[in-house]
Amino acid sequence: MLRDELRQILEKGLRDVEADWTVPAAIINDPEMHDAERERVFGRSWVFLAHESEIPERGDYVVRYISEDQFIVCRDEDGEVRGHLNSCRHRGMQVCRAEMGNASHFRCPYHGWTYNNKGSLVGVPAGREAYGNKLDKSLWQLKPVPKLGTYKGLVFGCLDPDAPSLDDYLGDMKFYLDIVLDRSDAGLQVVGAPQRWVVDANWKLGADNFIGDAYHTMMTHRSMVELGLAPPDPKFALYGEHVHTEHGHGLGIIGPPPGIPLPEFLGMPENIVEQLQRRLSPEQVEVFRPVAFIHGTVFPNLSIGNFLMSKDHVSPPTSFLTLRLWHPIGPDKMEIMSFFLVEKEAPDWYKEESYQAYVRTFGISGAFEQDDAENWRSITRVLGAQYAKKMELNYQMGRGVYEPDPDWPGPGKAFPMDYAEANQRNFMEYWMQLMVTDPASHTGNGKVSDEAAAEALARAEA
Ligand code: FES
Ligand SMILES: [Fe+2]
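Note that this is a predicted model, so its numbers are computed, not measured.

Engineer: Outline the overall build of the chain, supporting the account with residue identities and numerical values.
Structural biologist: Across its full length, the chain carries 14 helices and 21 strands. The C-alpha radius of gyration of the chain comes to 23 Å, within 12% of the 23 Å expected for a compact globule of 462 residues. Dimensions of the chain, computed from C-alpha atoms along their principal axes, come out at roughly 80 × 60 × 40 Å. Within the chain, the proportion of its 462 residues that are buried is 57%. Look at the contacts in the chain between residues 6 or more apart in sequence, and 66% of them connect residues 24 or more apart. Summed over all atoms, the accessible surface of the chain reaches about 18,900 Å², with 50% contributed by carbon and sulfur.

Engineer: Before we move on, can you summarise the sheet that holds strand β4 (residues 69-75) with the specific residues and values?
Structural biologist: One open sheet holds the four strands; their spatial order is β5-β4-β3-β6, and the pairing between them is antiparallel. Whereas interior strands pair on both sides, the edge strands pair on one side only; in this sheet they are β5 (81-85) and β6 (100-102). Each strand axis lies, on average, 30° off the axis of its neighbour in the sheet, ignoring direction. Strand direction decides the pairing type here: strand β3 (residues 60-66) and β6, joined by three bridges, are antiparallel.

Engineer: If you had to explain the coordination of the iron ion (ligand 2) to someone new, which residues and values would you point to?
Structural biologist: The coordination sphere of the iron ion (ligand 2) contains the protein donors H216 (NE2), H221 (NE2), D372 (OD) and D372 (OD), at a distance range of 2.1 to 2.3 Å. One can describe the site at the iron ion (ligand 2) as irregular: its four donor atoms subtend angles covering 58 to 144° at the metal. Mapped onto the polypeptide sequence, the residues donating to the iron ion (ligand 2) form the spacing pattern H-x4-H-x150-D. With H216 in the loop between α6 (203-212) and α7 (217-220) and D372 in helix α12 (residues 367-383), this residue pair connects regions lying 156 residues apart in the sequence. What makes H216 buried here is its relative accessible area of 14%.

Engineer: Summarise the packing of aromatic side chains; cite the residues concerned and give the values.
Structural biologist: Counted under the stated rule, the structure contains 27 aromatic pairs. Arranged with centres 4.8 Å apart and planes meeting at 75°, the rings of F175 and Y176 form a pair that is edge-to-face. For the pair shown, F175 and Y176 are each scored as buried. Among the aromatic residues, those joined into a cluster by ring pairs are F210, F236, F293, F307, F320, W326, F340, Y355, Y358, F362, F368 and W376. The ring of W21 carries R399 above its face, with NZ or CZ at 5.1 Å from the centroid. Above the plane of the ring of W21 lies R425, whose end atom (NZ or CZ) is 3.4 Å from the centre.

Engineer: Would you mind going over the UniProt feature "domain: Rieske" (unreviewed entry) in the chain in detail, with residue names and values included?
Structural biologist: Mapped onto this numbering, the UniProt entry gives "domain: Rieske" (unreviewed entry) at residues 47-128. Taken end to end, residues 47-128 has its terminal C-alpha atoms 41 Å apart, with 2% of it in helix and 44% in strand.

Engineer: Account for unusual backbone geometry, naming residues and giving values.
Structural biologist: With an omega dihedral of 0°, the bond running from F299 to P300 counts as a cis peptide bond. Here P300 shows up in the loop between β16 (293-298) and β17 (302-309). For F265, which is not a glycine, the phi torsion comes out positive at approximately 50°. With respect to the element layout, F265 can be found in the loop between β15 (250-254) and α9 (270-279).

Engineer: Describe α6, naming the residues involved and giving the relevant values.
Structural biologist: For an α-helix, 3.6 residues make a turn, and residues three or four places apart therefore share a direction. Burial runs high along α6: 10 of the 10 residues are buried. Looking only at α6, the buried set comprises W203, K204, L205, G206, A207, D208, N209, F210, I211 and G212. The distance from a side-chain oxygen at the start of α6 to the backbone nitrogen of K204 is 2.9 Å, and the residue carrying that oxygen is N202.

Engineer: So what's going on with helix α1 (residues 4-19)? Which residues, and what values?
Structural biologist: Given a rise of 1.5 Å per residue, 16 residues ought to cover 22 Å, and the 22 Å separating the end C-alpha atoms of α1 matches this to within 8%. Residues of α1 that are buried: L6, R7, L10, E11, G13, L14, D16 and V17. Residue W21 follows α1 closely and has a positive phi angle near 60°.

Engineer: If you had to explain the sheet that holds strand β8 (residues 114-116) to someone new, which residues and values would you point to?
Structural biologist: Ordered in space as β7-β8-β9, the three strands form an open sheet in which the pairing is antiparallel. Across the chains shown, the open sheet's two edge strands, defined by having one partner strand only, are β7 (105-107) and β9 (121-123). When strand polarity is set aside, the average angle formed by the axes of neighbouring strands in this sheet is 35°. Sheet analysis places β7 next to β8, joined by three bridges and oriented antiparallel. Bridge assignment links R107 to a residue of β8, and that residue is T114.

Engineer: With reference to specific residues and values, describe the pairing of strand β14 (residues 240-244).
Structural biologist: Among the five residues in β14, five count as buried, and that is most of the element. Alignment of β14 against β15, held across five bridges, turns out to be antiparallel. Bridge pairing in β15 links E241 to I253. Hairpin connection between β14 and β15: a loop of five residues separates the two successive antiparallel strands, and H247 in this loop has a positive phi of roughly 65°.

Engineer: For the nonpolar core, give the residues involved together with the corresponding values.
Structural biologist: Note that soluble globular proteins tend to have their nonpolar side chains buried in a common cluster. Counting 140 residues, the largest nonpolar core has L10, F288 and W431 as the members making the most contacts within it. If one sorts the elements of this core by residue count, helix α13 (residues 422-436) sits on top with nine residues. Sequence-distant contacts of L10, defined by excluding residues within four places in its chain, comprise L2, I27, M33, W431, M432, M435 and V436.

Engineer: How would you sum up the confidence of the model for the chain? Please name residues and give values.
Structural biologist: Across the chain, pLDDT averages 94, with 95% of residues at or above 70. Note on residues 442-447: pLDDT under 50 across the span, and 29 contacts to partners over four residues away in sequence or across chains.

Engineer: Kindly report on the environment of A25, identifying the contributing residues and their values.
Structural biologist: As for its position among the elements, A25 is in the loop between β1 (22-24) and α2 (31-40). Taking the C-alpha atoms as reference points, A25 and L383, separated by 358 residues in sequence, lie 6.5 Å from one another. Aside from chain neighbours lying at most four places away, what touches A25 is L383, A388, K389, M391, E392 and L393.

Thresholds, definitions, all that
Residues numbered from 1 in each chain as written. Chains lettered and ligands numbered in written order. Predicted model: local features only at pLDDT ≥ 70, side-chain atom pairs only at ≥ 80, totals over all residues. Heavy atoms only, no water. Helix = DSSP H or I, 4+ residues; strand = E, 2+ residues; numbered from the N terminus. Rg over C-alpha atoms; globule rule 2.2 N^0.38 Å. Buried < 20%, exposed > 50% of the residue type's maximum accessible area, 1.4 Å probe, protein only. Contact = heavy atoms within 4.5 Å. Areas by Shrake-Rupley, 256 points an atom, 1.4 Å probe, with all protein chains shown as cover. Pairing = 2+ DSSP bridges. Axes fitted to C-alpha atoms, helices over the stretch in contact; angles between N-to-C directions. Donors = N, O, S within 2.8 Å, 3.2 Å for Na, K, Ca; no water. Tetrahedral: all angles 85-135°; square planar, octahedral: opposite > 155°, others 65-115°. Phe/Tyr/Trp six-rings, centres within 6.5 Å; stacked < 30°, edge-to-face > 60°. Lys NZ or Arg CZ within 6 Å of the ring centre and 35° of its normal. UniProt positions renumbered as here; feature names shortened; annotations may be inferred. Polar contact = N/O pair within 3.5 Å; in protein donor to acceptor, adjacent residues only side chain to side chain. Expected span 1.5 Å × (residues − 1). Core = buried A, V, L, I, M, F, W, Y, C linked by side-chain atoms within 4.5 Å. pLDDT = per-residue confidence, 0-100.

In structure tokens, the structure reads:
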């Protein structure tokens, strides 16, 4: 159960985010919020685990996380993708101690129980002497992730067995995900292992930034404009559409600044442009044609960056695609996992240029990455303090300035400018709805029942 004080903060927050367009600062860096969030948000949501191309062969595996639970995500001997809790059924030891590899079996280092990559217990040392051959191995398989789903190569897991399908959870966001994930016949390839690093910042700051914060580019990334790595207009991220969908998802779709011509379709290679025009719907093609930057977040902690940027001040810009996972490891700490992806059928020159543009901007030492991380560290430190926690944060951008765009060809609620905070409010509102909804009354992942949401709102308004 939530402590009363926490509940009051969240219920007031829910009321304020709708009426005043503010968000309580206390949600950022607070140990009790973090504890509740593990169950109420990460225990119910579909969380990104891996891309299928990371485990192309039978036996390939990676170890990934949903909150603190770790799962071996592998391709079993029949080629099926599975997720097993990385914890031996005997005493709980990790059965897999490497982060990635290829194995037909996982042998526990403690007493040697051995599981195959379907998760079945197949070997128990000294089974005759110790168990009289009476241990029913079929009852002691590795625990599977309660729900596992794949969408266009992205593998997600969910701890809530009653969650709605991944398809329903992603909902209208799929229209936009397709534009990024489904442009080519052979699909995407994650190149190399993800880069990983720990930042002393709350994970929601990354999710909030990527879901809709085009506004920060003018200040935080001004030096990128001056160095020639971003378009020569400090407000370059203003000119776009700001869109969100149900379940807290959202994105920004940015075109070239006025008077600064940029190539269509993110300047992707000709063969990919030919394929995407065939694969995507006319509405998706219309949305994608003028695009120079796509940034977005799939609730809760998977973000997407598909950007047209220069690797240095003399090279022409090349687009790249990165997935970023904001993995929480405390109220004030996250591990960032950053994946670089490229179309398998893209020409080699593009793969190389694209990789370099990614590494130098959003890789671990990338110029943009450094700019952002320092802000998030600073916010987390400040908002962990007792007086600072009591304030409200301003999410009022665009209030009275513009209305939803009636002509937008895609689904969701769209606004005609990316200097907006509707996506961020939508994200925070959904997060707070999950937080105030007690486990017994929710109907599954990411889906707060209508009655529970109405009850929470009624309490907030009382
Ligand atoms: S803990 Fe794994 S075999 Fe004992
Ligand atoms: Fe940024």
